[in-house]
Amino acid sequence: MENLITGAEALMRSLEHQGVKTIFGYPGGSIMPVFDALYDHRKNLNHILVRHEQGATHAAQGFARVSGEVGVCLVTSGPGATNTITGIADAMIDSTPVVVIAGQVATGFLGTDAFQEVDLVGITQPITKWSYQIRRAEDVAWAVARAFYIARSGRPGPVVLDFAKNAQVDKTEYTPVEVDYVRSYLPVPEMEPEAIQQAAELINAAERPLVLVGQGVELGNAQNELRAFIEKADMPAGCTLLGLSALPTAHPLNKGMLGMHGNLGPNINTNKCDVLIAVGMRFDDRVTGKLATYASQAKIIHFDIDPAEIDKNVKTDVAVLGNCKETLAAVTELLKPAGHKEWLDSFLPYEQMEEEKVIRPELHPAGDKLSMGEVVRAVSEATDNEAVLVTDVGQNQMMSARYFKYSKERSIVTSGGLGTMGFGLPAAIGATFGRPDRTVCVFMGDGGSLYLGFMLSTLSVLGTVKSATFVSMIIPVLVLGVPIFDTAFAILRRFVNKKPIMGADRGHLHHRLMNLGYGQRRATLMLYGITAIMGIAAVLYSRGLYMETLGLSAITMMYLYIFLTDSQHKVPQIKEDERDDKDKSGGSPHM
């Protein structure tokens, strides 16, 4: 009896056996025995307290995407479990290895509509690689080992363990378990020599080959094999959104991003190539557009680890199944060194046109307003193009992906297939734990920041032990703080002047500064400065420097108070044409 431990303790030991060091979670009644056991393992298992269970799943995704390890999150039953569904679905479509461990009511209450009971296995089966309910303490070690094996092997993806409360508190013997085989589960198809030969023959005979690089190259750790493959045959390549960092931006054969938000050259030449080679990508509709007219002139070679992707969207002439780290190397051995100068030169007119009409105006805007691309590129260059880019979803996602530069592998974390708003902030937090040695930069829009904005609370708590995270978050604080602060200021000002609060207009302070004679750019810079001060105050507070925080806040509020009453400032109303004239002249009588 002395060797018996609880199921909750068995879970902790099993996680340690799998090499887990970081867990993202939120406690609740049905998972409390596990959190009690976690306290005794706090030296080896670092638990990051999120403020919403969806945030836990996205943080686990960010952790997994940059580290190549399995992300883990721990939640309670009922609403805690259902809050993870979006993150689980996101991980499934983007092939991210995540293990979600959720509490569940005791087995004796299953099916009775007990408090916070929900059929998590039934809900998650269509959006996971495996979903299993642990009903007995003696099954814990086996279930955890199997879960991690399935999550990380083959095409990675999410696994859910639904942990009944009685299994958490019941006693069992514990022996570490290894799982490297599951009957009827073939994670990596056997490589077929005939397909390797056929692919090599098509490429050797091609005059206009084009390679499409997907995230599968990153997941298979085949970055070196990819470079050897395209360099030997002198083949241009375009990258999907999730595959952007599989090939360095500066590589001469990298022709940019594919798809509706991508670069001109690779998209147009997709319909001019004679052999199209897809590596670890799934022909998403954002890349292909109308399938009936997509690369209809080309022979299609598809490298993939998942047989389900073959012929799913685009009819394939040669399917090369297996881990692309092995299949690319096998095909490369059969390739003849080649040169495709004329074909490569055909990209130049499109690159020049895009540079002139799109890229240059975005990076060097003629007016006073900052552009999104300008800010993104400046941030990228400030990190020597070595940072990890994390994005939310929307315009911020496309612009940051386009104008950020990548020099290292596993450098982009974004919600590709599901397009989940709110993904950015928690994923960035997870990424800082997955790769603490790298700078993490996250770009969000106002919508995405509000979805899971309360994760800033997690960030503030982590600030005392994870100051690097704050450095990584400077950009979103600046970009997002302005509209939030400006709206709050407008509401406060109307309250002071006894006006209807609901009439507050967004951008009120910005307009007021411009009416005082400040130009568009100067007014914007003033707002960014105010927001930066707020960000510094938040950092000071999180590090326990309360008096410094109070002092900085008091000085800032005293400075701002002069704008709060109409009686203190009679603001001249300046028409748009007059303001433009003042901006052009470089000054105003109020300055």
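The structure under discussion appears in the preceding block.
Residues numbered from 1 in each chain as written. Predicted model: local features only at pLDDT ≥ 70, side-chain atom pairs only at ≥ 80, totals over all residues. Heavy atoms only, no water.

Peer 1: Looking at this structure, how should I read the sheet that holds strand β16 (residues 412-413)?
Peer 2: Across a sheet, paired strands are connected by hydrogen bonds in the backbone, their directions being either parallel or antiparallel. Strand order in the open sheet formed by 3 strands is β16-β15-β17, and the pairing between neighbours is parallel. The sheet terminates laterally at β16 and β17 (440-443), the two strands that pair on one side only. Pairing geometry for strand β15 (residues 388-391) and β17, over 4 bridges, is parallel. Bridging from a neighbouring strand, threonine 391 pairs with phenylalanine 443 of β17. (Pairing = 2+ DSSP bridges. Helix = DSSP H or I, 4+ residues; strand = E, 2+ residues; numbered from the N terminus.)

Peer 1: Explain the packing of helix α19 (residues 424-434) against helix α21 (residues 455-462) here, please?
Peer 2: Helix-helix packing: each pair is described by the crossing angle between the helix axes and the interaxial distance. Put simply, α19 and α21 touch, their axes get as near as 9 Å, and they point 30 degrees apart. Put simply, α19 runs roughly parallel to α21. As α19 runs across α21, the sense of the crossing is left-handed. Residues Leu425, Pro426, Ile429 and Phe433 of α19 form the contact with α21, whose participating residues are Met455, Leu456, Thr458, Leu459 and Leu462. Across the contact of α19 with α21, the residue classes break down as 8 nonpolar, 1 polar and no charged. (Axes fitted to C-alpha atoms, helices over the stretch in contact; angles between N-to-C directions. Parallel < 35°, antiparallel > 145°, perpendicular 65-115°, else oblique. Left-handed = near helix turned anticlockwise from the far one by under 90°. Contact = heavy atoms within 4.5 Å. Nonpolar A, V, L, I, M, F, W, Y, C, P; charged D, E, K, R; others polar.)

Peer 1: In this structure, what is going on with the pairing of strand β13 (residues 299-304)? I would like to understand it.
Peer 2: Every regular strand shows the same layout, with side chains that alternate between the two sheet faces. Within β13, 5 of the 6 residues are buried, leaving the element largely enclosed by the surrounding structure. As judged from the 5 bridges shared by strand β12 (residues 275-279) and β13, these two strands associate in the parallel manner. Among the inter-strand pairings, valine 275 is bridged to a residue of β13, identified as lysine 299. Note that β13 and strand β14 (residues 318-321) share 4 bridges and pair parallel. Directly across from aspartate 304, in β14, lies its bridge partner leucine 321. (Buried < 20%, exposed > 50% of the residue type's maximum accessible area, 1.4 Å probe, protein only.)

Peer 1: I tried to follow the pattern of salt bridges on my own but got confused; where do I start?
Peer 2: A side chain of one charge can pair with a side chain of the opposite charge if their charged atoms are brought near each other. This structure, assessed with the given rule, holds 15 salt bridges. Across the pair aspartate 285 and arginine 286 runs a salt bridge, and its minimum N-O distance is 3.7 Å. A residue is classified by how much of its surface remains accessible, and arginine 286, at 48% relative accessible area, is partly exposed. Several salt bridges share partner residues, and in doing so they unite Arg155, Asp306, Glu309 and Lys312 into one network. (Salt bridge = Lys/Arg side-chain N within 4 Å of Asp/Glu carboxyl O.)

Peer 1: I tried to follow helix α7 (residues 140-152) on my own but got confused; where do I start?
Peer 2: In an α-helix, one full turn covers 3.6 residues, which means residues spaced three or four apart are oriented alike. Taking 1.5 Å of rise per residue, 13 residues should cover 18 Å, and α7 covers 18 Å from first to last C-alpha, within 8% of that figure. In terms of burial, α7 is largely enclosed, as 10 of its 13 residues are buried. Along α7, the residues classified as buried are Val140, Ala141, Ala143, Val144, Ala145, Ala147, Phe148, Tyr149, Ile150 and Ala151. Considering only its buried residues, α7 is in contact with α1 (7-17), β4 (71-75), β5 (98-104), β6 (130-134) and β7 (158-164). Of the residues flanking the end of α7, it is glycine 154, one or two places downstream, whose phi is positive at about 60 degrees. (Expected span 1.5 Å × (residues − 1).)

Peer 1: Looking at this structure, I do not really get empty space enclosed by the protein. What am I missing?
Peer 2: Remark: the empty space left among the atoms is shown by a probe the size of a water molecule rolled over them. Here the structure, examined in full by the defined rule, presents 2 cavities of 30 Å³ or more. The wall of the largest cavity is formed by Arg65, Val66, Gln215, Glu218, Leu219, Leu242, Ser245, Arg410, Ser411, Ile412 and Val413. (1 Å grid on protein atoms, 1.4 Å probe; cavity = no way out; pocket = protein on both sides within 12 Å on 5 of 7 lines; lining within 4 Å. Points joined across faces, edges and corners; volume = space filled by probe spheres on them.)

Peer 1: How do you make sense of the sheet that holds strand β9 (residues 209-213) when you look at a structure like this?
Peer 2: Across the sheet, which stays open at both edges, the 6 strands sit in the order β11-β10-β9-β12-β13-β14 with parallel pairing between neighbours. Looking at which strands have only one partner, the edges of the open sheet turn out to be β11 (254-257) and β14. Each strand of the sheet is rotated relative to its neighbour by a mean of 20 degrees, with strand direction disregarded. For β9 and strand β10 (residues 237-239), the ladder comprises 3 bridges, and the chain directions are parallel. In the strand pairing of β10, valine 213 is matched with cysteine 239. Along the sheet, helix α9 (residues 193-205) makes contact with β12, β13 and β14, crossing β14 at roughly 130 degrees.

Peer 1: Sorry, what's going on with the environment of arginine 51 here?
Peer 2: Within the element layout of this structure, arginine 51 appears in the loop between β3 (46-49) and α3 (53-67). Between the C-alpha atoms of arginine 51 and threonine 458, which are 407 residues apart in sequence, the distance is 6.6 Å. In this structure arginine 51 touches Tyr26, Phe454, Met455, Ser457, Thr458 and Val461, once residues within four positions along its chain are discounted. Reaching out from arginine 51, the side chain makes a polar contact with the backbone oxygen of leucine 49 at a distance of 2.8 Å. Of the polar contacts made by the side chain of arginine 51, one reaches the side chain of threonine 458; its length is 3.4 Å. (Polar contact = N/O pair within 3.5 Å; in protein donor to acceptor, adjacent residues only side chain to side chain.)

Peer 1: What is the right way to read unusual backbone geometry from this model?
Peer 2: Across the chain, the bulk of peptide bonds are trans and the bulk of non-glycine residues have phi less than zero. Here serine 95, not a glycine, exhibits a phi torsion of approximately 55 degrees, which is positive. With respect to the helices and strands, the residue serine 95 is situated in the loop between α5 (85-93) and β5. Notably, phenylalanine 283 is not glycine yet its phi reads approximately 55 degrees, a positive angle. Summarising the element assignment, phenylalanine 283 is placed in the loop between β12 and α13 (285-288). We classify phenylalanine 283 as buried; its relative accessible area is 2%.

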